[in-house]
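# Understanding the architecture of this molecule
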Amino acid sequence: MSKFPQGFMVGASTAAHQVEGNNIHSDYWVQENVEHSQFVEPSGDAVDHYNRYEEDIRMMAEAGLTAYRFSIEWARIEPKKGEFDDKEIEHYRKVIACCKENGIEPIVTMHHFTSPAWLISMGGWENEEVVDLFANYVKDVVERLGSELNYICTINEANMRLQLAAIMKKYMGSMGGGAKDAANADAMKKMAEAPKQDAPKEGDVQVGLNQAAKKVIKELYPDIKVGITLSLHDMQPEAGGEDAAAKEWDEEFRHYLPYIADDDFFGAQSYTRQCFDAEGNKYTPDGVELTQMGYEFYPQAIANVVR
C-alpha cells in the first residue's frame, strides 16, 4: 500500500459564518433575519467556534489532523466601510497561534461566501469597486498577520455562483406551494434567472479579486503561498455525452486556467459526480443515496477530480 509523502497535510476546513456565530455585520445575517427568509433558521450562535476555537483546535490535533483552513470574516474586520476592527484582528491572531501550539498548520481563507452587509448595499460583487475594496481588506489583514502565515486562499469556490443558480432552479421546481414557498420562490427567482457568467476576462470582478489580493499579499510577503479554490464535479458521460461533459468541464474549470496559472496552489473541492446521457442531458442515477443538499452521495468524486 502506498503512503503519503513526507509533509503531506491532512486537515479540516470551516467557513467563519457557518461555525463562529453572531456574525451580525454580514450579508447572510441580514438574509437570515428578514421576513420569509429562505433560510430555515438564523445562524445565531452556530457552534460558537468564535469562543470555543481552542477546544475545537485541540480536538483536531487529538484526531491526528495537521492543517486547519479557516476563513477570516471580512464583516468582522471591516464592519463599516473603511473602519477596521483591531480587536477582531487580534482574535484571529490568537486562532493562528492556537493552531501552531497544537502542531496544526493554519491556512487562511480571505473570503468564504459571506460579505459585509455594507458591501451588498453597494451592489456587492456586481460592483467593480469591490476589487479595490477587497484588496484594501486583504492588505489590512496581511500587514498585521502575514508574518505568521505560510498559506492564504484568496476566495473559496469562486465559481459557485453558477452552481447556486442551478440549485435555486431545482429548489423552485420542487416547491409545494403556500405563502412561504411563494415568498421564497420570489426571493430566489432573481438569483436563478441571473445572466449566466461568461468565461472570465481581464477585469472581471471574480478574476480581479483573486489577482488583486494575490498582488497585495506578494508585495507584503513574497514567500506566502497564495491560491484559490473552485467547486468541481466529477464529470461522467455515457457514450454520446462526451461533448456535453467537456463543455461543462470547460465552464467549471478549464477556462480559469490562464488566470490561476501563476498561483502557488489550487484548491479542488468536489461533492458529487455529474452524469450525462447519450443526448448530453445531465441526470442523477435512479436509486442512489442523496444528501440533504440533493447531491448524489458519491465520495469517489474527490479522487476522480484530483486525478
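Above this text is the structure in question.
From a predicted model like this one, the values you see are computed outputs, not experimental measurements.

What counts, and at which threshold
Residues numbered from 1 in each chain as written. Predicted model: local features only at pLDDT ≥ 70, side-chain atom pairs only at ≥ 80, totals over all residues. Heavy atoms only, no water. Helix = DSSP H or I, 4+ residues; strand = E, 2+ residues; numbered from the N terminus. Areas by Shrake-Rupley, 256 points an atom, 1.4 Å probe, with all protein chains shown as cover. Pairing = 2+ DSSP bridges. Contact = heavy atoms within 4.5 Å. Axes fitted to C-alpha atoms, helices over the stretch in contact; angles between N-to-C directions. Parallel < 35°, antiparallel > 145°, perpendicular 65-115°, else oblique. Left-handed = near helix turned anticlockwise from the far one by under 90°. Nonpolar A, V, L, I, M, F, W, Y, C, P; charged D, E, K, R; others polar. Buried < 20%, exposed > 50% of the residue type's maximum accessible area, 1.4 Å probe, protein only. Core = buried A, V, L, I, M, F, W, Y, C linked by side-chain atoms within 4.5 Å. Salt bridge = Lys/Arg side-chain N within 4 Å of Asp/Glu carboxyl O. Expected span 1.5 Å × (residues − 1). Polar contact = N/O pair within 3.5 Å; in protein donor to acceptor, adjacent residues only side chain to side chain.

## Here's the deal with the overall build of the protein
Scanning the protein from terminus to terminus reveals 13 helices and nine strands. With an accessible surface of roughly 16500 Å², the protein has 53% of that area assigned to carbon and sulfur atoms.

## Points about the sheet that holds strand S9 (residues 282-283)
Hydrogen bonds along the backbone pair up the strands of a sheet, which may run parallel or antiparallel. Across the sheet, three strands lie side by side as S6-S8-S9; this open sheet has mixed pairing. Lying at the two open borders of the sheet, with one neighbouring strand each, are strand S6 (234-237) and S9. Bridging between S6 and strand S8 (residues 273-276) involves four bridges; their strand directions are parallel. Residue pairing for S8: methionine 235 is matched across the bridge by glutamine 274. Along the sheet, helix H11 (residues 242-252) contacts S6, S8 and S9; its crossing angle with S6, the most-contacted strand, is approximately 165°.

## So, the packing of helix H5 (residues 86-101) against helix H7 (residues 130-145)
As a packed pair, H5 and H7 sit with axes 11 Å apart at the nearest point and diverge in direction by 50°. One element, H5, and the other, H7, form an angle in the oblique class. Considering only the axes of H5 and H7, their crossing is right-handed. When H5 is examined against H7, the residues Asp86, Ile89, Tyr92, Arg93 and Ile96 are found in contact with a partner set consisting of Asp140, Val141, Arg144 and Leu145. When its residues are assigned to classes, the contact of H5 with H7 shows five nonpolar, no polar and four charged.

## A closer look at the pairing of strand S2 (residues 67-71)
The buried count for S2 comes to five of five residues, which makes it a mostly enclosed element. The side-chain alternation of S2 yields two buried faces, one formed by Ala67, Arg69 and Ser71 and the other by Tyr68 and Phe70. Taken together, the three bridges between strand S1 (residues 11-13) and S2 define a ladder with parallel strand orientation. Following the sheet pairing, alanine 12 is matched in S2 by tyrosine 68.

## Focus: the nonpolar core
Among the nonpolar cores identified, the biggest contains 48 residues, and Ile57, Phe134, Tyr137 and Val138 are the most heavily contacted of them. Those residues in contact with phenylalanine 134 that sit more than four places away from it in its chain are Trp74, Met110, His111, Thr154, Ile155, Leu209 and Ala213.

## Some points on the pattern of salt bridges
In the structure shown here, the tally under the stated rule is 14 salt bridges. Two residues, glutamate 129 and lysine 81, come together in a salt bridge whose shortest N-O distance is 3.3 Å. Note that glutamate 129 is positioned in the loop between helix H6 (117-121) and H7 and lysine 81 in the loop between helix H4 (74-77) and H5, a separation of 48 residues in sequence. Between aspartate 140 and arginine 144 there is a salt bridge, and its shortest N-O distance comes to 2.8 Å. One end of the pair is aspartate 140 and the other is arginine 144, both in helix H7 and four residues apart, which spans about a single turn. Look at the salt bridges and you will find they share partners, linking Asp86, Asp140 and Arg144 into a network.

## Things to note about H5
For H5, with 16 residues, the first-to-last C-alpha span of 23 Å sits near the 22 Å given by 1.5 Å per residue. The elements touched by buried residues of H5 are helix H1 (16-19), helix H3 (49-62), S2, H4, strand S3 (105-111) and H7. The backbone nitrogen of lysine 87 has a side-chain oxygen 2.9 Å away, supplied by the residue at the start of H5, namely aspartate 85. Note on H5: the residue one or two positions beyond its end, glycine 103, has a positive phi of about 70°.

## Considering the packing of H3 against H5
Taken N-terminus to C-terminus, the directions of H3 and H5 make an angle of 10°; their axes are 9 Å apart at the nearest point. Here H3 lies roughly parallel to H5, going by the angle between them. Residues Tyr50, Tyr53, Glu54 and Ile57 of H3 form the contact with H5, whose own contacting residues are Lys87, Glu88, His91, Lys94, Val95, Cys98 and Cys99. Taken together, the residues that form the contact of H3 with H5 break down as six nonpolar, one polar and four charged.

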